[in-house]
Amino acid sequence: MTSMTNIRIIDTATRELETPAFFPVHNGGKGGEGNTPRYWEMIPDMNTMMINAYSIYSSPLYEKMGEGGLHDKYSNNGVFFVDSGGFQQKNHDLTLDPIEMLRVQENVGADIAATLDLPVFAKDCIYNQKYSDAVKISVKNALIALDNREREDMLIYASLQGNDPIMMMNTIDYLKKRGNFDGFAIGGCISKRSDYHAIIDIIHAVRKRIGDLPLHVFGLGGPTMIPLMVYMGADTFDSSAFLKAGSKRLYYMPGNGSIEFSDIPETTYLPCTCPICSIHPYEEVRSERKLIGMHNLWMITHEIRKLKMAIEENEVEQYLEKRFMNSPAMYEAFRYAKAKKRGLV
Amino acid sequence: MNNLNIVTSKKDYTIFGLNANPFPYSGIPEQVPDIYVGQQEVMDKVSNVLSSVISTGQSNHLILTGSYGNGKSHTLKYIQAQIRDQFCENSVLKPVTGYVAQPGESFWDIYRDFIYDLGSTYLRECSREYIAKVSEELSKNGKIEEDIEPGMGWRAVERGKVLLSDIVPQAYVLLSELTKYPDFSRAFLNLAYEENAYTSWEWLSGEAIEYSRRRELHLTSNITANHAQRAFIALKTTLEQINHSPVIMLIDEFEFIETLQARTKQNMLNSLRHLIDVNPTGLSVIIACAPEVWETLVAEYHAFSDRIAKEANLKPLDKHSVTYMVTEYLNTCRTAPSDSIEPFTEESIQRIFIEGNGNARRIITICGQAIDEALLHEMKCVDLGVFEGIDEI
Ligand SMILES: [Zn+2]
């Protein structure tokens, strides 16, 4: 019944990566330090990173990086997923060259590279010429990347854009007819993040179409969304939400969604026993962004562990049933997902 | 007081050589009738009208009169079934027939019944056919790089031969130019996509859709009474693009308009007249109406009745037709068809003919009851004896 929910092994140039797996987004910053904590040194399960080709390229980091690339700079045994910069392209109104971005991905030693896409937003529709053009350009860029790859050991995932499952499926068919991609990555989900049904529909449709190839979902990776996406057949995710800046100070509650720090009653203890919350008192965690980020990553790690156990025991549905019991919106989404998988909706 | 005794075991009709009672209890024939008897003259007229609109493309309309029970609904449904049968999937021409059970209060009601009868599955297929047609044209004119073999249709989309994002915006522009109704064009094309299909279908069928849902599909306003004509014409124009033509609209129980207030009735007749006037080609309206109501319409509203050139009148069934009809119904439950009227006898058929007064619905009801009565009394055949048991039918 849950055949689309599997533990998969992705064979990357660095090492085998077991899924489901999360890629924390490294925000680069000047010199590549940014404010991302060195989580990979502390969380063995989290030796992965999502980093953006365009932001590397446009910072001094690219010059300084040298032969060893990301592996030398951060972690030798780390699996690096290098996104192309499509999002930056849209936000900053740039036109990036797909081959140029591919070379950056190759040069920095990406294990997985996503093709250069042009994101579309949930409100866009196909009658909008700009939207259709964006989908077309993403498709063409994906094929260009495949044709021009120089490093055979770097996996290339085709980035998918679109708002309708049928359109996504059409895009996949079109791409599969013309090239052998190592995996697929769904973009544009951030703008749909509160529309669970749309996300479920799209992951479901894409998974059905790509067979057992790896499937990544861009930009979504909170501890509540991960189980739902895995259930629908997604393998890997990335997100920067764990480290979201500003006054929010989002703290993932163990096993139960997230909460803004200001909503946690001020006490001596935090409701968590991860290595961060065990050592640091409330005040310290609250005031230190990196600490909250680290705690959040521990929560994601914990979530993925529990999921893997459930997958191995073939009890994913039972697990999710319990997992979402206290969250009416997620529970409803899960029921919809279940019906979707059974072909009832 | 008698006890209510519901028998759940199936009755055994094998004693009569039948696997079930062939006669529908309500006397109303099934949705897709394949038994039609005794109205050759009517069928000839219908064939004439439809043949002319199908072969020449010139619109042609017909009024079908007949008293209650003479089979007006049955005739309309039979016409629909026959057309669907004759012009199946591979036919070049695909006439579109929609059945409207009752005219309602305005053309809006007619439109909704009509489109509902066509159904969402059919219209979705049409939407896909249209997109496929545009793909082929774009490929032929070199507007897209992919070569699409003619006739590949929607499969070109499903197999990833073309990108929808290459086709749909173009299809939308072309269709909007033709229909002059952008909302309609959007909703129609959206039917091809699973995600939006439901809302699009609701919109097309004239449901009131709240703004927030409409906005998702970029639809400005709903199809209201004011837009129904426009929507119908847009639909007809669209379907013509994929050779789904002519449009045959079957309106039943037209006598219902007698219950409307004078003003409403006038509006209804005007809008039908308008519909006929603005569609000189590709349309056939067949209206079934009680003869007395039609007579008053002819007398009082000839601006409307003049538009309908032909009239066919359903007559009560004669004895020969009754025998033929009974045999045909029996054959539906026989292992091997035959010309025999068994288990009925000559005498019982005569009696049924007289009691039924040539009214098909009534005759079917009597036959069904007679067979059950004969079975109940363990009679060997349905002879005059059964009519002792049937007090009142
Ligand atoms: Zn913690």
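Since we're looking at a predicted model, the values are computed, not measured.

Definitions and limits used
Residues numbered from 1 in each chain as written. Chains lettered and ligands numbered in written order. Predicted model: local features only at pLDDT ≥ 70, side-chain atom pairs only at ≥ 80, totals over all residues. Heavy atoms only, no water. Helix = DSSP H or I, 4+ residues; strand = E, 2+ residues; numbered from the N terminus. Contact = heavy atoms within 4.5 Å. Areas by Shrake-Rupley, 256 points an atom, 1.4 Å probe, with all protein chains shown as cover. Lys, Arg positive; Asp, Glu negative; His and termini not counted. Charge placed at Lys NZ, Arg CZ, Asp CG, Glu CD. Rg over C-alpha atoms; globule rule 2.2 N^0.38 Å. Buried < 20%, exposed > 50% of the residue type's maximum accessible area, 1.4 Å probe, protein only. Donors = N, O, S within 2.8 Å, 3.2 Å for Na, K, Ca; no water. Tetrahedral: all angles 85-135°; square planar, octahedral: opposite > 155°, others 65-115°. Phe/Tyr/Trp six-rings, centres within 6.5 Å; stacked < 30°, edge-to-face > 60°. Lys NZ or Arg CZ within 6 Å of the ring centre and 35° of its normal. Pairing = 2+ DSSP bridges. Axes fitted to C-alpha atoms, helices over the stretch in contact; angles between N-to-C directions. pLDDT = per-residue confidence, 0-100. Disulfide = S-S within 2.5 Å. Buried area = accessible area lost by both parts, 1.4 Å probe. Salt bridge = Lys/Arg side-chain N within 4 Å of Asp/Glu carboxyl O. Polar contact = N/O pair within 3.5 Å; in protein donor to acceptor, adjacent residues only side chain to side chain.

Enquirer: Quick question: what am I supposed to make of the overall build of chain B here?
Expert: A count of helical and extended segments in chain B gives 17 helices and five strands. Judged by the C-alpha coordinates and their principal axes, chain B covers about 75 × 55 × 50 Å. Residue pairs at least 24 apart in sequence account for 70% of intrachain contacts in chain B once pairs closer than 6 positions are excluded. For chain B, the exposed surface amounts to about 18900 Å²; the carbon and sulfur share of it is 49%. Across chain B, the mean location of the 35 positive side-chain charges is 6 Å away from that of the 54 negative side-chain charges.

Enquirer: Can you help me understand the overall build of chain A in this one?
Expert: For chain A, the count of helices and strands is 14 helices and 12 strands. Taken over the C-alpha trace, chain A has a radius of gyration of 20 Å; the compact-globule value for 345 residues is 20 Å, and the two agree within 12%. Judged by the C-alpha coordinates and their principal axes, chain A covers about 55 × 55 × 35 Å. When burial is assessed residue by residue, chain A has 58% of its 345 residues classed as buried. Considering only contacts in chain A between residues 6 or more positions apart, those separated by 24 or more positions represent 69%. As displayed, chain A offers around 14400 Å² of accessible surface, 49% of which is attributable to carbon and sulfur atoms. A distance of 5 Å separates the average location of the 38 positive side-chain charges in chain A from that of its 43 negative side-chain charges.

Enquirer: Looking at this model, I keep getting lost on the coordination of the zinc ion. Mind explaining?
Expert: In a perfect tetrahedron of four donors around a metal, the angles come out at 109.5 degrees. In a perfect octahedron of six, they are 90 or 180 degrees. All names here are of chain A. Those protein atoms acting as donors to the zinc ion are Cys272 (SG), Cys274 (SG), Cys277 (SG) and His295 (ND1), and they sit at 2.0 to 2.3 Å. Bound by four donor atoms, the zinc ion shows angles of 99 to 116 degrees at the metal and therefore tetrahedral coordination geometry. Going along the chain, you hit the donors of the zinc ion in the pattern C-x1-C-x2-C-x17-H. Judged on exposure class, the residue cysteine 274 and its partner cysteine 277 are both buried.

Enquirer: Please clarify how the packing of aromatic side chains should be interpreted in this entry.
Expert: Geometrically, a pair of aromatic rings is defined through the distance of the ring centres and the angle of the planes. Going through the model one piece at a time under the given rule, you end up with 22 aromatic pairs over all chains. Taking 5.7 Å as the distance between ring centres and 65 degrees as the angle between the ring planes, the aromatic pair formed by tyrosine 57 of chain A and tyrosine 62 of chain A counts as edge-to-face. Under the relative-accessibility criterion, tyrosine 57 of chain A is labelled partly exposed at 33%. Ring plane angle 90 degrees and centroid distance 6.0 Å describe the contact between phenylalanine 23 of chain B and phenylalanine 344 of chain B, whose orientation is recorded as edge-to-face. Here the residue phenylalanine 23 of chain B occupies a position in the segment before helix 1 (40–56), and phenylalanine 344 of chain B occupies one in the loop between helix 14 (319–331) and helix 15 (346–356), the gap between them amounting to 321 residues. Comparing phenylalanine 23 of chain B with phenylalanine 344 of chain B, the two get one shared label, buried. Site record: aromatic cluster; members linked through ring pairs are Phe23, Phe81, Tyr157 and Phe218 of chain A. Its end group placed over the ring of tyrosine 74 of chain A, lysine 73 of chain A keeps NZ or CZ at 5.6 Å from the ring centre. The residue whose ring lies beneath arginine 178 of chain A is tyrosine 174 of chain A, and the NZ or CZ to ring-centre distance is 3.6 Å.

Enquirer: Which parts of the structure should I look at to understand the sheet that holds strand 2 (residues 96–100) of chain B?
Expert: Pairing between sheet strands relies on hydrogen bonds along the backbone, with the strands arranged either parallel or antiparallel. All names here are of chain B. Strand order in the open sheet made by the five strands is 2-3-4-1-5, with parallel pairing throughout. If you trace the sheet from one side to the other, it starts and ends with strand 2 and strand 5 (310–313), each paired once. Between one strand and the next, the sheet's axes are offset by a mean angle of 15 degrees, whatever the strand orientation. With four bridges connecting them, strand 1 (residues 62–65) and strand 5 associate as parallel partners. By the bridge assignment, leucine 64 is partnered in strand 5 with alanine 312.

Enquirer: Sorry if this is basic, but what is going on with the confidence of the model for chain B here?
Expert: Low-confidence regions, as indicated by low pLDDT, have predicted coordinates that should not be scrutinised in detail. Residues and elements named next belong to chain B. Confidence in the prediction of chain B, expressed as mean pLDDT, is 87, and 93% of residues score 70 or more. The spread of mean pLDDT over the elements of chain B runs between helix 17 (residues 386–389), the lowest at 73, and strand 3 (residues 247–251), the highest at 96. Per the prediction output, this complex has pTM 0.79; the corresponding ipTM is 0.74.

Enquirer: Teacher, can you tell me more about the state of the cysteines here?
Expert: Residues and elements named next belong to chain B. Overall, the coordinates contain zero disulfides over all chains when judged by the stated rule. The thiol sulfur of cysteine 333 is not disulfide-bonded, and the nearest other cysteine sulfur, from cysteine 367, lies at 13 Å. Judged by relative accessible area, cysteine 333 falls into the buried class, the value being 9%. We note that cysteine 381 lacks a disulfide partner, and the nearest cysteine sulfur, in cysteine 367, lies 14 Å from it. Judged by relative accessible area, which is 26%, cysteine 381 ranks as partly exposed.

Enquirer: Sorry, what's going on with the interface of chain A and chain B here?
Expert: Much of the literature gives interface size as the accessible area that the parts lose upon coming together. At the junction of the two partners, chain A supplies 22 residues and chain B supplies 26 residues. Between chain A and chain B, the buried area comes to about 2000 Å², and carbon and sulfur atoms account for 59% of it. The interface formed by chain A and chain B holds one salt bridge in total. Counting every contact that joins chain A to chain B gives eight residue pairs in polar contact (both at pLDDT 80 or more). When residues of the side of chain A that touches chain B are traced back to their parent elements, those giving at least two are helix 6 (129–148), helix 7 (165–178) and helix 8 (196–210) of chain A.

Enquirer: Would you take a moment to explain unusual backbone geometry for this structure?
Expert: A negative phi angle characterises most non-glycine residues, just as the trans form characterises most peptide bonds. With an omega of -5 degrees, the peptide bond between serine 245 of chain B and proline 246 of chain B qualifies as cis. Topologically, proline 246 of chain B is positioned in the loop between helix 10 (228–241) and strand 3. Look at the link from glutamate 342 of chain B to proline 343 of chain B: it is a cis peptide, with omega at 5 degrees. Within the secondary structure, proline 343 of chain B sits in the loop between helix 14 and helix 15. For asparagine 314 of chain A, which is not glycine, the phi torsion reads 55 degrees and is therefore positive.

Enquirer: Just checking my understanding: could you explain the pattern of salt bridges for this structure?
Expert: Once their charged atoms are close, side chains differing in charge can pair, the charge on each being opposite to the other. All names here are of chain A. Enumeration over the complete set of coordinates arrives at 25 salt bridges over all chains. A salt bridge links arginine 103 to glutamate 106; the nearest nitrogen and oxygen atoms lie 2.7 Å apart. With a gap of three residues between them, arginine 103 and glutamate 106 both fall in helix 5 (residues 98–107), about one helical turn apart. Arginine 103 gets classed as partly exposed once you look at its relative accessible area, which sits at 21%. The class for glutamate 106 is buried, based on a relative accessible area of 6%. Salt-bridge contacts for arginine 207 lead to aspartate 235; the nearest nitrogen and oxygen are separated by 2.9 Å. In this pair, arginine 207 sits in helix 8 while aspartate 235 sits in the loop between helix 9 (225–232) and strand 10 (236–239), placing the two residues 28 residues apart along the sequence. Given the relative accessible area of 2%, aspartate 235 is considered buried. Salt bridges sharing partners connect three or more residues here, namely Arg8, Arg207 and Asp235.

Enquirer: Any chance you could explain the pairing of strand 5 (residues 79–83) of chain A here in plain terms?
Expert: On a regular strand, one side chain projects to one face of the sheet and the next to the other, so that they alternate. Residue and element names in this part refer to chain A. Of all five residues in strand 5, five are buried, a share of seventy percent or more. Residues Val79, Phe81 and Asp83 of strand 5 are buried on one face, and the alternating residues Phe80 and Val82, pointing to the opposite face, are buried as well. With five bridges joining them, strand 4 (residues 48–52) and strand 5 adopt parallel strand pairing. Paired with methionine 49 across the two strands is phenylalanine 80, which belongs to strand 5. Both strand 5 and strand 6 (residues 112–114) contribute to a ladder of two bridges, which runs parallel. Bridge assignment links phenylalanine 81 to a residue of strand 6, and that residue is isoleucine 112.

Enquirer: Is there a simple way to think about the environment of glutamate 260 of chain A in this case?
Expert: Residues and elements named next belong to chain A. For glutamate 260, the position within the fold is in strand 12 (residues 258–260). Linking glutamate 260 and lysine 73, residues 187 residues apart in sequence, is a C-alpha distance of 33 Å. With sequence-adjacent residues up to four places away left out, glutamate 260 is seen in contact with Lys248, Arg249 and Leu250.

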